[in-house]
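What follows is each chain in one-letter form.
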Amino acid sequence: MVSMTAPVTVWDLPTRVVHWLIAALIPFSWWSAHSDHLPWHRLSGYTILGLLIFRVGWGFAGASTARFSAFVAGPRRVRDYLRGRLGAAVGHNPLGGWSVLAMLAALAVQVGLGLFSIDEDSLEPGPLSGLLSFDDARAVAHLHHLMFWVVVGLIALHITAIAVYARRGRNLTGPMVTGLARLPPGARAPIMAPAWRAVLAAAVAAGLVWFIAHGLKL
Amino acid sequence: MPSSRHFAWAAAALMIAAVATAAGVTGADAIKARQTHMKALGASAKAIFQQTHAATPDMAVVKAEAAKIDAAAKALPTWFPAGSGAGAKTEALPLIWTDPKGFAAKQHVLALAAAKLNAVAQAGDAAGVGPAAHDVGAACKGCHETYKEKDKT
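In this text, all values refer to a predicted model and were calculated from it rather than measured experimentally. (Residues numbered from 1 in each chain as written. Chains lettered and ligands numbered in written order. Predicted model: local features only at pLDDT ≥ 70, side-chain atom pairs only at ≥ 80, totals over all residues. Heavy atoms only, no water.)

1. A short note on the overall build of chain B
Just so we agree on the cut-off: Labels follow the DSSP assignment, with helices taken as runs of H or I lasting at least four residues and strands as runs of E lasting at least two, numbered in each case from the N terminus. Exposure was quantified through the Shrake-Rupley algorithm and a 1.4 Å probe, taking into account, for residues, occlusion by the shown protein chains and nothing else.
In terms of regular secondary structure, chain B is built from five helices and zero strands. In chain B, the succession of helices and strands from N to C terminus is α-α-α-α-α. When the accessible surface of chain B is split by element, carbon and sulfur atoms take 68% of a total near 8700 Å².

2. Describing the overall build of chain A
What counts is decided by this rule: Only protein chains enter the calculation, and the probe is 1.4 Å; a residue is then buried if its accessible area is under 20% of its type maximum, exposed if over 50%, and partly exposed in between. When checking whether two residues touch, look at their non-hydrogen atoms; a contact exists if any pair is within 4.5 Å. For the purpose of counting charges, residues Lys and Arg are taken to be positive, whereas Asp and Glu are taken to be negative. His and the chain ends are not included. Note on charges: their place is set at NZ of Lys, CZ of Arg, CG of Asp or CD of Glu.
Each helix and strand in chain A was counted, giving eight helices and two strands. Listing each helix as α and each strand as β along chain A from the N terminus yields β-α-α-α-α-α-α-α-β-α. Along the three orthogonal principal directions, the C-alpha set of chain A runs to about 60 × 35 × 30 Å. When burial is assessed residue by residue, chain A has 39% of its 218 residues classed as buried. The contacts of chain A with a sequence gap of at least 6 include a subset with a gap of at least 24, amounting to 65%. A total of about 12000 Å² of accessible surface is found on chain A, and carbon and sulfur atoms cover 70% of it. Each charge class in chain A was averaged separately, 17 positive and 9 negative side chains, and the resulting centres sit 28 Å apart.

3. Observations concerning the pattern of salt bridges
For clarity, the cut-off: When a carboxyl oxygen of Asp or Glu lies within 4 Å of a side-chain nitrogen of Lys or Arg, that pair is called a salt bridge.
Enumeration over the complete set of coordinates arrives at eight salt bridges over all chains. Of the charged contacts in the structure, one is a salt bridge between Arg85 of chain A and Asp80 of chain A, with a shortest N-O distance of 3.3 Å. Judged by its relative accessible area of 17%, Asp80 of chain A falls in the buried class. Between Lys148 of chain B and Glu91 of chain B there is a salt bridge, with the nearest N and O atoms lying 2.9 Å from each other. With Lys148 of chain B in the segment after α5 (126-147) and Glu91 of chain B in the loop between α2 (59-75) and α3 (95-98), the pair connects residues that are 57 residues apart, well separated along the chain. The class of Lys148 of chain B is buried, set by a relative accessible area of 18%. Note on Glu91 of chain B: relative accessible area 28%, which makes it partly exposed. Ionic contacts of the salt-bridge type, sharing partners, join the residues Glu120 of chain A together with Glu91 and Lys148 of chain B into one network.

4. A look at the packing of aromatic side chains
A ring pair, where both rings are aromatic, is described by two values, the distance of the centres and the angle of the planes. The condition that has to hold: Two rings belonging to Phe, Tyr or Trp (six-membered ring only in the last case) form a pair when the distance between their centres is within 6.5 Å. Interplanar angles under 30 degrees mark stacking, angles over 60 mark edge-to-face geometry, and anything in between is tilted. Two conditions define a charge located above a ring, namely a distance within 6 Å from the ring centre to NZ of Lys or CZ of Arg, and an angle within 35 degrees of the ring normal.
Summed over all chains, the structure comprises ten aromatic pairs over all chains. What links up through ring pairs into an aromatic cluster is the set Phe80, Trp97, Phe103 and Tyr147 of chain B. The aromatic ring of Phe68 of chain A is capped on one face by Arg55 of chain A, whose charged end is 6.0 Å from the ring centroid.

5. A short note on the interface of chain A and chain B
Basically, it comes down to this: Buried area is a sum: the accessible area each of two parts loses on coming together, probed at 1.4 Å, counted once for each and added. Polar contacts here mean pairs of N or O atoms no more than 3.5 Å apart (in protein, one a potential hydrogen donor and the other a potential acceptor; neighbouring residues in sequence count only if both atoms are side-chain atoms). For this scheme, ten residues count as nonpolar: Ala, Val, Leu, Ile, Met, Phe, Trp, Tyr, Cys and Pro. Four count as charged, namely Asp, Glu, Lys and Arg, and the remainder, Gly too, count as polar.
Taken together, the 20 residues of chain A in the interface contact 18 residues of chain B. With both sides pooled, the region where chain A packs onto chain B buries about 1500 Å², and carbon together with sulfur makes up 56% of that total. It is Asp121, Leu123 and Phe134 of chain A that lose the most area in chain A upon contact with chain B, and together they represent 36% of the buried surface on that side. Summed over the shared surface of chain A and chain B, the number is three salt bridges. In this structure, the salt-bridge partner of Lys141 of chain B is Asp36 of chain A, at a minimum N-O distance of 2.8 Å. At the surface where chain A touches chain B, the tally comes to eight residue pairs in polar contact (both at pLDDT 80 or more). Of all the elements, helix α6 (residues 134-167) of chain A adds the most residues to the side of chain A that touches chain B, at eight residues. Residues of the side of chain A that touches chain B, tallied by class, amount to eight nonpolar, seven polar and five charged.

6. Details of unusual backbone geometry
Residue and element names in this part refer to chain A. Positive phi values are uncommon outside glycine, yet Asp36 reaches one of about 65°. The residue Asp36 is located in the loop between α1 (13-34) and α2 (38-61) in this model. On the basis of relative accessibility, which here comes to 39%, the residue Asp36 falls in the partly exposed class. Even without being glycine, Leu216 reaches a positive phi, approximately 65°.

7. With respect to the side chain of Ser44 of chain A
Mapped onto the fold, Ser44 of chain A is located in helix α2. In contact with Ser44 of chain A, other than residues within four places in its own chain, are Leu25, Phe28 and Ser29 of chain A.

8. What about α1 of chain A?
All names here are of chain A. To be explicit about the condition: Each helix should span, by expectation, one fewer than its residue count multiplied by 1.5 Å.
In this model, α1 (22 residues) spans 32 Å end to end at C-alpha, consistent with the 32 Å of a helix rising 1.5 Å per residue. The complete set of buried residues in α1 reads Pro14, Thr15, Arg16, Val18, Ile22, Leu25, Ile26, Ser29 and Ser32. For α1, the secondary structure elements touched by its buried residues are α2, α5 (94-116), α6, α7 (173-178) and α8 (195-213). Taken from the residues just after α1, Asp36 is the one with a positive phi, measuring 65°.

9. With respect to the environment of Ser44 of chain B
All names here are of chain B. Of note, Ser44 is situated in helix α1 (residues 4-52). Residue class for Ser44 comes out buried when judged on its relative accessible area of 5%. The spatial distance from the C-alpha of Ser44 to the C-alpha of Asp58 is 14 Å, given a sequence separation of 14 residues. Excluding residues that lie within four positions of it along the chain, Ser44 makes contacts with Glu65, Lys68 and Ile69.

10. Here we look at the packing of helix α4 (residues 100-122) of chain B against α5 of chain B
All names here are of chain B. How we decide: Where helices are involved, their axes are fitted lines through C-alpha atoms of the stretch in contact, as for all axes, and angles between N-to-C directions lie from 0 to 180°. Should an angle lie under 35 degrees it is considered roughly parallel, over 145 roughly antiparallel, and from 65 to 115 roughly perpendicular; all remaining angles are considered oblique. Left-handed describes a crossing whose near helix is turned anticlockwise from the far helix by less than a right angle; the clockwise case is right-handed.
Remark: α4 packs on α5, axes separated minimally by 9 Å, with the N-to-C direction vectors making an angle of 165°. Relative to α5, α4 is oriented roughly antiparallel. As α4 packs across α5, the resulting crossing turns out to be left-handed. Two secondary-structure elements touch here, α4 through Gly102, Phe103, Lys106, Val109, Leu110, Ala113, Ala114, Leu117, Val120 and Ala121 and α5 through Gly128, Val129, Ala132, Ala133, Asp135, Val136, Ala139, Cys140, Gly142, Cys143, Thr146 and Tyr147. Class assignment for the residues of the contact of α4 with α5 results in 16 nonpolar, four polar and two charged.

Take a look at the structure:
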């Protein structure tokens, strides 16, 4: 085994906070919907929406490992990675990058469907359900139920991948908690982003969520 | 002249045909009709809630939809004829027909709430419509919880 560097920060704080809040809020959303706590379900969905908006912004303005440009790889790189031609990645590997995109997209669809959904008794209308007829908003609510299982499928894939890497001696969970990982010698340490960008992105995300939650009215 | 025996046979055949037709009606057709009624009722409820959640409710919409809800709530007991628990895909649970007293009690809760909503709406009481509409929604939910199949997904 080649000697690794001392631990350096690979995942910045905003990326980790987004990750773990989403990880906590997905089961919470499921539970609150199934135990009839729709006001909590709504808040949970709004929070996830804000985190997704923030994460997309952070994908352009965040630390180097958080940026889409760093981890969205073409098919050839994915193939080379799968054949073991690329070394261990700093940040998302070419395959993991697509997993991140798939999960962000699936969650965006899921939250989007929730915004247009309505319950059968109209007691808890989604903030954008007014744009649809009752029947259509109910149909969207059914899609919202089905889409949950797509999200669950992607999470299962994610956890399976983590388990596979763990068996091969690579701990992916620890770095997502602490942000720290040892890099292969010669690998360049990720570049962090200034905190003010995170504050700005969070403010923009919060504003957008507020606007959407008010039915696209100021 | 047809003999009385012929007449009896004809009458029996007619009765069988009538029962068979009635069974057909109370099965799939009654389920379809019920679903159409329920969707219309749901659409009215949604339309009212949209107004009560709005900054300035459109009372003309509230009055029209409240009248529809009141009429639907009064007609609702006829939407569940015996035998309409099967014959097409339905989320109506068998408990509706095995627990008619309990089911009737739920219908009564809706009828009262709908009548009150309609009265408040027709009186033009914009502030009173919100809570009254909520009581109607709660009555819908109160019955659905027990007598309607939960979403499987």
